[in-house]
Structures are given as C-alpha cells and as structure tokens.
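Working through the structure, step by step
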Amino acid sequence: MLRPYKLALGKTFCTYSHSFFEETLADTLTDILIIGGGIIGLSLAIELKLRGANVTILNRDCQEAGARAAAGMLAPQAEKIPPSPMLDLCLQSRALYPKWISKLEAISELTAGYWPCGILSPIYQEEKIVYNQQSTLKSEWLDQDAIHQFQPGLGAEVIGGWWYPDDGQVDNRALFKTLQVVARKLKIDIYEELAQEIVRRDRQVLEVKTFSRKFQANHYLLATGAWSNDLLPIAVYPKKGQMLSVCLPYPCARERLPLQKVLFGDEIYIVPRQDGRIVIGATSENVGFTSGNTPSGMKALLTRAIRIYPELQHYPIQEFWWGFRPETPDELPILGSSYWDNLTFATGHYRNGILLAPITAMMIADLIEQQKSDPLLTYFHYGRTFM
Ligand code: GLY
C-alpha cells in the first residue's frame, strides 16, 4: 500500500511532520524525490510536475545509461514481444507517443525526432518464417520480389520479410534533450549527485544520501536503470549494448533519403534519421559494467548491417558508443509499489525504455498522485525480482 499522500501544490518545499523525518533535518526537502535522471526519471518528473507536485531529481551524470544503448525504436511488433501484458503495455505506450511528444515539443520548443516511419524486418534463407501471431495488429508479409521493390538496396540474400507500419522511432538523444529542457522550463530541481545510499527503517525510506548531503521526501521513486541494484536488493543487471552511426555520404532532402524506414534483422537494426544519420545497433553482452567499444562488437554489427543493406559499407562512420540496458531475469520492467511504503519502482525497462517512457510516466504518476493502480501493473510488481 502506498502511504496516503497529499501533493503540496505550488510550493518549493513542503513542511513535514518531525516524527516522519526522524530527528535529523535533511539538507534538501522535497515532495517527491526521483532517484535517476534518465529518460524514465525525467518523464516521470515532468508528468508529476504537470499534475502539481513538487519534484526533485537526483541524477548521476552518466554517459552510459540505458538510453545510450538504444536507437529510439518504438518497436513492440518488430521486437516480437509475444501476446502478453508486456505487449499490451508496449502497445499502449506506442499509442501515447504522438500526443506525448507534441506536449513536450510545445513546452520545449524543440523537436524530439518522432517519426512513425514503420519497421521492416527482412529475413534470410536460413531463418524460419515465423508467421505473425499478433493477428489483430497491422503487419504484412512481403515475399522476395515485394520486399526488394518495397525497399531498394536490400542485400541479395534477403528472401522476404515483415512490414510493421505502426512501429516507428524517436531520436532518443533529441528526446533526452527535449525532456531536460522541459524539466528546466518547469523548474524541476535537478541535482547532479550520485545517490550513495537509500536509508531505510522497517518499511520506510528515511532519506537518500549523496557524498555531500541528504535528501528527504514524502515519496521516493527509484528510476536508476542498470544501477538499481547498487541501491536496493532488486534483480536488475547491466546488459551492454554497443552501437555506431554512419551518415549518408551526400546531402539529401529528407523526402529523398534512400532509407525511409527502420530495418530490423536478426541481432541488428538500422535506424535512419531524417538528417541523414543512420544509427546501427546493438550488441547484447553480459560483461557487467565493462565500458568501451570492442573490435569484435563493431565487426559483428557492421557485418550484419552490410548484409542487410550493402550500400552502408561505403558510408562514413560518425561515432561509436555503448550503454547498459537494465535487464531483469524475466526481461520485464519493475513498476509500481515496493517493500517500502514510501518508495515506488520504475526501473528494469531492458530493451524498451524509450518505448515505455510515456506509459511508465502516466501509470506511475496515477499511482503516486491518486493511488490509482492500473491492473497491468500487477504483472510488473517488484515481488518477482526481490532478492
Ligand atoms: N531497443 C533495442 C535495444 O535495446 O537494443
């Protein structure tokens, strides 16, 4: 059960009863403290702030977050998520995207690169053609002739593929920037400090310590992705993803780009941006938090990418990078109430953090603000991963 909770509208800090906060006054008091300033933490902070809460974010400055191991695909169908509560969650989130992005773009006056461009999943001779089980969703099987006509330039080994017109993409870096600007415009306090410890007693969180101060809040939200297990005993582990980008070697108007849709093959995706960049990802490695790009990671990605779309071998390489997805044992996110009455989880989004940002923000804000628990949340309860 969530602790009954009243939002303090319009105040910077709330006044709390002394007994709740123990003897020591924190350096920083807030209404809701969000631990984690990645895509999920920012989306939640903005949603809660727009509903009138006072929100503070505690953010480690992290260049390796899960959002970095992403190309921003909105791909519940291409990711072949089987019919399940997870698929329902992903589809609901995909449906929220257009309005959510419009709202963020209106506040920030930036563009987040949302592009409902569809995703094409080519397959090769040796792969099994698995017939699409999601019969209520839009998809189309394209045979060899049809797929090569539909997307010129595919590798000669492609013998067909699925077309998912309702999947799409968002430029995850542009989205992150947009969220940061919205948070600033809404005057959400963001502290660039690493949470060292979540101090608990019985079923209450008492405070969060960083190197330099303590934070106390009426409610705490854990959105620390792959690093969640550093703070609380939940089963979230890093799954490294290496990525790279190339760019078109010639200037090209947006409507004449040779790739106008995402290509999603076996262990490879090729995501064209509207400015001519092409993002290629991603490896999936159990190497803990080992940083860096490796020759074998890059070789694997380039080999697979060139096999699907051979023209890429001539494109200039722009950048290599990597990030850590927050994986859970069943690959499902951990959402909702926790063992501690005043702490909520929004973590473990694994391969779908960008896709799930809007639905996570809506459902978790409903839960914290109105104690309204969407029935879907029961499938993502922390209990299955508590160690
Ligand atoms: N969402 C794609 C990935 O995690 O690689």
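Note that the structure is a prediction, hence the values are computed from the model and not measured.

1. As for the packing of aromatic side chains
If you walk through the whole model with that rule in mind, you get eleven aromatic pairs. Ring centres of Trp-227 and Phe-289 lie 5.0 Å apart, and the angle between their planes is 20 degrees; this geometry places the pair in the stacked category. Of this pair, Trp-227 sits in the loop between strand E11 (214-222) and strand E12 (237-247) while Phe-289 sits in the loop between strand E15 (277-281) and helix H5 (295-308), placing them 62 residues apart in sequence. Note on Trp-227: relative accessible area 9%, which makes it buried. Ring geometry for Phe-345 and Tyr-382: centres 5.8 Å apart, planes at 50 degrees, overall tilted. With Phe-345 in strand E18 (residues 343-347) and Tyr-382 in the segment after helix H6 (353-370), this pair connects stretches of sequence that are 37 residues apart. Assigned by exposure class, Phe-345 and Tyr-382 land together as buried. Taken together through their ring pairs, the aromatic side chains of Tyr-97, Trp-100 and Tyr-114 make up a single cluster. For the cation-ring pair, Arg-173 lies above Trp-321, with the distance from its terminal atom to the ring centre recorded as 4.5 Å.

2. Some words on the pattern of salt bridges
Taken as a whole and judged by the stated rule, the model has 19 salt bridges. Asp-167 is the partner of Arg-94 in a salt bridge, and the nearest nitrogen-oxygen pair spans 2.6 Å. Linking Arg-94 in helix H2 (residues 85-108) with Asp-167 in the loop between strand E6 (158-164) and strand E7 (168-169), this pair joins segments that are 73 residues apart in sequence. Residue Arg-94 shares its accessibility class with Asp-167, and that shared class is buried. Taken together, the salt bridges that share partners define one network made up of Glu-47, Arg-51, Lys-103, Asp-366, Glu-369 and Lys-372.

Conventions adopted
- Residues numbered from 1 in each chain as written.
- Predicted model: local features only at pLDDT ≥ 70, side-chain atom pairs only at ≥ 80, totals over all residues.
- Heavy atoms only, no water.
- Phe/Tyr/Trp six-rings, centres within 6.5 Å; stacked < 30°, edge-to-face > 60°.
- Helix = DSSP H or I, 4+ residues; strand = E, 2+ residues; numbered from the N terminus.
- Buried < 20%, exposed > 50% of the residue type's maximum accessible area, 1.4 Å probe, protein only.
- Lys NZ or Arg CZ within 6 Å of the ring centre and 35° of its normal.
- Salt bridge = Lys/Arg side-chain N within 4 Å of Asp/Glu carboxyl O.

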